[in-house]
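Listed below are the residues making up each chain.
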Amino acid sequence: MHIAILTFEGYNELDSLIALGVLNRIKKPDWRVTIASPAHRVRSMNGVVIESMATLEEASAADAVLVGSGSQTREVVADPTLMARLRLDPSRQLLAGQCSGTLVLAKLGLLDGVPACTDLTTKPWVQAAGVNVLNQPLFAKGNIATAGGCLASPYLAAWMIARLESVEAAEEALYYVAPVGEKEAYVANAMRNITPYLHTEPATV
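Each chain has its residues counted from 1, following the order in which its sequence is written. In view of the model being predicted, local features appear only for residues whose pLDDT reaches at least 70, and side-chain atom pairs are presented and counted only at 80 or more, with totals across whole chains, interfaces and linings using the full set of residues. The basis for every side-chain value is the complete set of heavy atoms in the structure, and neither hydrogens nor water enter the calculation.

*Asks:* Explain the packing of helix H1 (residues 13-23) against helix H7 (residues 153-164) here, please?
*Replies:* Between two packed helices, what matters for the description is the angle formed by their axes and the separation of those axes. Only the stretch in contact is used when fitting a helix axis, every axis being a line fitted to C-alpha atoms; angles between N-to-C directions are given from 0 to 180 degrees. For the purposes of this entry, the term helix denotes a DSSP run of H or I that reaches at least four residues, the term strand denotes a run of E that reaches at least two, and both are numbered from the N terminus. The interhelical angle for the contact between H1 and H7, taken along N-to-C directions, is 40°, at an axis separation of 8 Å. Classified by the interaxial angle, the pair formed by H1 and H7 is oblique. The two elements H1 and H7 meet at a crossing, and its hand is right-handed. Taking contact as the criterion, the partners of Leu-14, Asp-15, Ile-18, Ala-19, Val-22 and Leu-23 in H1 are, on H7, Ser-153, Pro-154, Ala-157, Met-160 and Ile-161. Small angles under 35 degrees read as roughly parallel and large ones over 145 as roughly antiparallel, with 65 to 115 read as roughly perpendicular and the rest as oblique. Helix crossings get a hand from a simple test, with the near helix turned counterclockwise from the far one by less than a right angle marking a left-handed crossing and a clockwise turn marking a right-handed one. Note on definitions: a residue-residue contact is assigned when non-hydrogen atoms from the two residues lie within 4.5 Å.

Listed below in structure tokens is the structure:
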């Protein structure tokens, strides 16, 4: 099981790295979560430099792909060479867009007729791409999910875990990262946002 988190120059640490941490709560030998970038190194919107763990081509072959957000997403979607490297397909992958990552999915034509969630800054750009933006933290249809707001990142990661592993595994991952003294309430609230968009069986991708 390979889950790739697309992480571009100017990435938002809260989006890519929180998802990385939550998804890695699944401790199975065949479960691999990577940061996938167009270059060997990328610098965040706040100057944090990280090394890529996978190429965009490897991400395009992954079982699941989470498209992270960042301050340069409009530059990403305006680069035809870069966008051509993203060969994403919801018929064989789980796909998720976090904040401005939703704009990437929209520009790839993956949200045609599907409403989506994104952050308030990105909202007008996603709307201009012809997508109806919802006022909620998470929405999913089939194998595509989108989330809005940096702290919706754990919701998106938990949706992926629930689809790929189990609801119980998603709840355990959220419980681990939730604030002490608020764990039960945090998990319950998160699952209220996630459960409507889950199938009863793990996804086959």
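*Asks:* Could you clarify how one ought to interpret H1 in this entry?
*Replies:* Quick reminder: α-helices carry 3.6 residues per turn. Residues three or four places apart thus point the same way. Think of it in three bands: residues with accessible area under 20% of the maximum for their type are buried, residues over 50% are exposed, and the middle band is partly exposed, with areas taken using a 1.4 Å probe on protein chains only. When we look at burial in H1, the residues that qualify are Glu-13, Asp-15, Ser-16, Ala-19, Leu-20, Val-22 and Leu-23. Turning to H1, the residues buried within the fold contact strand E1 (2-6), strand E2 (32-36), strand E5 (64-67), strand E6 (94-98), H7 and helix H8 (167-177).

*Asks:* Looking at this structure, how should I read the packing of H7 against H8?
*Replies:* Between H7 and H8, the shortest axis-to-axis distance is 7 Å and the interhelical angle comes to 150°. By the angle class used here, H7 and H8 are roughly antiparallel. The chirality of how H7 crosses H8 is right-handed. Contact residues: Pro-154, Ala-158, Ile-161 and Ala-162 in H7; Val-167, Ala-169, Ala-170, Ala-173 and Leu-174 in H8. Here the nonpolar group is Ala, Val, Leu, Ile, Met, Phe, Trp, Tyr, Cys and Pro; Asp, Glu, Lys and Arg are the charged ones; every other residue, Gly included, is treated as polar. Within the contact of H7 with H8, the residues separate by chemical class into nine nonpolar, no polar and no charged.

*Asks:* Explanation requested: the pairing of E1 in the structure shown.
*Replies:* Counted residue by residue, E1 has five buried out of five residues, so it is predominantly covered. Think of it this way: DSSP has to see at least two bridges between two strands before they count as a pair. Examined bridge by bridge, E1 and E2 share five bridges and lie parallel to one another. Bridged to Ile-5 within E2 is Ile-35. By convention a crossover is right-handed if, when the strands point away from the viewer, the path from the first strand over the helix to the second runs clockwise. You can see the chain leave E1, run along H1 and come back into E2, and the turn it takes is right-handed. With four bridges connecting them, E1 and E5 associate as parallel partners. When the bridges of E5 are listed, Ile-5 appears paired with Leu-66.

*Asks:* Looking at this structure, how should I read the sheet that holds strand E7 (residues 138-141)?
*Replies:* Where strands meet in a sheet, backbone hydrogen bonds hold them as pairs that are either parallel or antiparallel. Ordered in space as E2-E1-E5-E6-E8-E7, the six strands form an open sheet in which the pairing is mixed. Because the sheet does not close on itself, it has two edges, and the strands there are E2 and E7. Averaged over all adjacent pairs, the angle separating strand axes in this sheet is 15°, with direction ignored. The strands that H1 touches are E1, E2, E5 and E6; relative to E1, the one it contacts most, it runs at about 165°.

*Asks:* In this structure, what is going on with the packing of aromatic side chains? I would like to understand it.
*Replies:* Geometrically, a pair of aromatic rings is defined through the distance of the ring centres and the angle of the planes. When the centres of two rings from Phe, Tyr and Trp lie within 6.5 Å, Trp using its six-membered ring, the rings pair. Their planes under 30 degrees apart give stacked, over 60 give edge-to-face, and anything left gives tilted. One pass over the full model with this rule turns up one aromatic pair. Centre to centre, the rings of Phe-139 and Tyr-197 are 5.3 Å apart; their planes meet at 65°, and the pair counts as edge-to-face. Here Tyr-197 lies in the segment after helix H9 (183-194) and Phe-139 lies in strand E7, a separation of 58 residues in the sequence. No difference in accessibility class separates Phe-139 from Tyr-197, as the two residues are buried. Lying over the aromatic face of Tyr-176, Arg-25 brings its terminal NZ or CZ to 3.5 Å of the ring centre. Charges are assigned to positions over rings by a cutoff of 6 Å between ring centre and Lys NZ or Arg CZ, combined with an angular limit of 35 degrees from the ring normal.

*Asks:* Can you help me understand the nonpolar core in this one?
*Replies:* Throughout, nonpolar core names a set of buried Ala, Val, Leu, Ile, Met, Phe, Trp, Tyr and Cys residues whose side chains join them through atoms within 4.5 Å. Ranked by internal contacts, the top residues of the largest apolar core, which has 44 residues, are Ile-3, Ile-5, Leu-23, Trp-159, Met-160, Ile-161 and Ile-194. Top contributing element to this core by residue count: H7, with nine residues. With residues up to four places along the chain from it excluded, the contact list for Met-160 reads Ile-3, Leu-23, Ala-64, Val-65, Leu-66, Leu-94, Leu-95, Ala-96 and Glu-165. Membership of the second largest hydrophobic core comes to 28 residues, among which are Val-65, Leu-86, Val-104 and Leu-111.

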